[in-house]
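# Descriptive analysis of the structure
Residue-level listing of the chains:
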Amino acid sequence: MAQPSTWDKFKLGALMGGTVGLGIGAVFGTFAILRYGPGSKGYLNTMGQYMLSSGATFGFFMSIGSVIRSQGTLEATEPLATRVPVRTRS
Amino acid sequence: MRSSDHTRDPCPWVILNDAGGAFAMGSIGGAIWHSIKGAKNSPRGERFRGSIAAVKARAPVLGGNFAVWGGMFSTFECVMKNVRQKEDPWNSITSGFITGGLLAARGGLKTATASAVIGGVLLALIEGVGIAFNRLAAEQNRPVRPQIPDAPPASTT
């Protein structure tokens, strides 16, 4: 099984974070507009700003978060039972 | 109890792993974030020093906040796994709800409830997107039936 490269993980994390962030922005943007009104920029702009900024923030942090995890993928191919003796022997 | 996800550590240890990972994520992200923000908010000529000062003051704090969230979330997820004896998205959604609520507990019941709902919605979205991405990936490399050339292609002649 091929290891995903760091750049691949970065892209996947950014993509996932961006998607999650867009969703979060949609949920909380809708809520904020319902609660406080659209503000001075109109409904669509407020909504778009909510969604894009939270998407960018989440994408940023989740891309970092997926890059710094480098150990889990190494062990992913083996089940737990086979990897414990190897670990204690070394 | 063995977890079905072998890419992660077994339960009590995954808390440490998550807290540390979250700290690193917050610190690195905070360093990048505040280096830009600090430079932007400093007067010209002081931009570099302002940026360094902002990073030094704020990035570890953000890392700590992330670590508290991650560690607490992971703790509750382990509790959920052991209490319910099953693993599904509801574990992490409930953990997000409890974590969000507990961390805002000092703000009073109303604030805590709002924060808990935010935590739950957040984790529900993350889980949903994770499931969707997994399904997409599975769809892409779905095993294709090999075409067995047992019947002689009579029509091509």
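Keep in mind the model is a prediction, meaning the values are calculated, not measured.

### Remarks on the overall build of chain B
Along chain B, the regular secondary structure elements total four helices and zero strands. Overall, chain B shows an N-to-C arrangement of helices and strands of α-α-α-α. The C-alpha atoms of chain B give 24 Å as radius of gyration, which overshoots the globular expectation for 157 residues (15 Å, by more than 25%). Across its three principal axes, chain B shows a C-alpha extent of roughly 80 × 50 × 30 Å. Here chain B holds 157 residues, and the buried ones make up 29% of them. The contacts of chain B with a sequence gap of at least 6 include a subset with a gap of at least 24, amounting to 56%. Surface exposure of chain B reaches about 10500 Å², of which carbon and sulfur atoms provide 65%. The average position of the 17 basic charges and that of the 10 acidic charges among the side chains of chain B differ by 14 Å.

### Some remarks on the pattern of salt bridges
Tallied over the full model, the rule gives three salt bridges over all chains. Put simply, Lys11(A) and Asp8(A) hold a salt bridge, and the shortest N to O gap is 3.8 Å. Of this pair, Lys11(A) and Asp8(A) both sit in helix 1 (residues 6-36), three residues apart, which is roughly one turn of the helix. For Asp8(A), a relative accessible area of 36% puts it in the partly exposed group. Note that Arg49(B) is salt-bridged to Glu46(B), the shortest N-O span being 3.3 Å.

### A look at the confidence of the model for chain A
Averaged over all residues, the pLDDT of chain A equals 78, while 73% of them reach at least 70. When the criterion is pLDDT under 50, residues 73-78 of chain A qualifies, and its contacts beyond four places in sequence or with other chains add up to ten contacts.

### Observations concerning the side chain of Ser54(A)
Residues and elements named next belong to chain A. As for its position among the elements, Ser54 is in helix 2 (residues 43-68). One polar contact links the side chain of Ser54 to the main-chain amide nitrogen of Gly25, over a distance of 3.2 Å. Non-local contacts of Ser54, meaning those with residues more than four positions away in its chain, are made with Gly21, Leu22, Ile24 and Gly25.

### Structural notes on the interface of chain B and chain A
With 25 residues of chain B in contact, the opposing surface of chain A contributes 23 residues. Between chain B and chain A, the buried area comes to about 2100 Å², and carbon and sulfur atoms account for 79% of it. Applying the counting rule to chain B against chain A returns zero residue pairs in polar contact (both at pLDDT 80 or more). Mapped onto the side of chain B that touches chain A, the elements with two or more residues apiece are helix 1 (11-41), helix 2 (47-84) and helix 4 (109-140) of chain B. For the side of chain B that touches chain A, the class distribution of residues is 14 nonpolar, seven polar and four charged.

### Observations concerning the UniProt feature "transmembrane region" (unreviewed entry) in chain A
Residues and elements named next belong to chain A. The UniProt record marks residues 12-36 and 48-68 with the feature "transmembrane region" (unreviewed entry), using the residue numbering of this structure. What you have in residues 12-36 is 100% helix and 0% strand, and the ends, taken at the C-alpha atoms, are 35 Å apart. In this annotation, residues 48-68 is assigned 100% helix and 0% strand; the end-to-end C-alpha distance for the span is 30 Å.

### As for the UniProt feature "transmembrane region" (unreviewed entry) in chain B
According to UniProt, the feature "transmembrane region" (unreviewed entry) maps to residues 115-137 of chain B in the numbering used here. Note that residues 115-137 of chain B is 100% helix and 0% strand, and that its end C-alpha atoms are spaced 33 Å apart.

### Here we look at the state of the cysteines
All names here are of chain B. Evaluation of the coordinates by the stated rule reveals one disulfide over all chains. Covalently, Cys11 is tied to Cys78 through a disulfide, its sulfur atoms 2.1 Å apart. Disulfide Cys11 to Cys78: torsion about the S-S bond roughly -115°, handedness left-handed. Taken as a pair, Cys11 in helix 1 and Cys78 in helix 2 lie far apart in primary sequence, 67 residues in all. In terms of burial, Cys11 and Cys78 fall into one category: buried.

Rules used in this analysis
- Within every chain, residues take consecutive numbers counted from 1 along the sequence as written.
- Working convention: letters from A go to chains and numbers from 1 go to ligands, in the order in which they are written.
- Owing to the predicted nature of the model, reporting of local features is limited to residues with pLDDT of at least 70; listing and counting of side-chain atom pairs is limited to 80 or more, with chain, interface and lining totals taken over all residues.
- Water and hydrogen atoms play no part in the side-chain values, which are based on all heavy atoms of the structure.
- The numbering of helices and of strands both runs from the N terminus, where a helix is a DSSP run of H or I of at least 4 residues and a strand a run of E of at least 2.
- We compute the radius of gyration over the C-alpha atoms and compare it with the globule rule, which gives 2.2 Å times the number of residues raised to the power 0.38.
- Accessible area is worked out with a 1.4 Å probe on protein chains only. A residue is then buried under 20% of its type maximum, exposed over 50%, and partly exposed in between.
- Residue contacts are counted whenever heavy atoms from the two residues lie within 4.5 Å of one another.
- Each accessible area value is a Shrake-Rupley result obtained with a 1.4 Å probe; residue values ignore everything except the protein chains displayed when judging cover.
- His residues and chain termini do not enter the charge count, which takes Lys and Arg as positive and Asp and Glu as negative.
- The atoms used to mark charge sites are NZ of Lys, CZ of Arg, CG of Asp and CD of Glu.
- A pair is scored as a salt bridge if a Lys or Arg side-chain nitrogen falls within 4 Å of a carboxyl oxygen belonging to Asp or Glu.
- On a scale of 0 to 100, pLDDT captures the predictor's confidence in every residue.
- Polar contact is defined as a pair of N or O atoms within 3.5 Å, subject to the rule that within protein one atom must be able to donate a hydrogen and the other to accept it, and that residues adjacent in sequence are counted only when both atoms are side-chain atoms.
- Accessible area that two parts lose when put together, with a 1.4 Å probe and added across both, is what the buried area reports.
- Gly falls in the polar group here, along with every residue not listed as nonpolar (Ala, Val, Leu, Ile, Met, Phe, Trp, Tyr, Cys, Pro) or charged (Asp, Glu, Lys, Arg).
- UniProt positions are given in the numbering used here, feature names are shortened, and annotations may be inferred rather than shown by experiment.
- Counting rule for disulfides: a pair of cysteine sulfur atoms within 2.5 Å.

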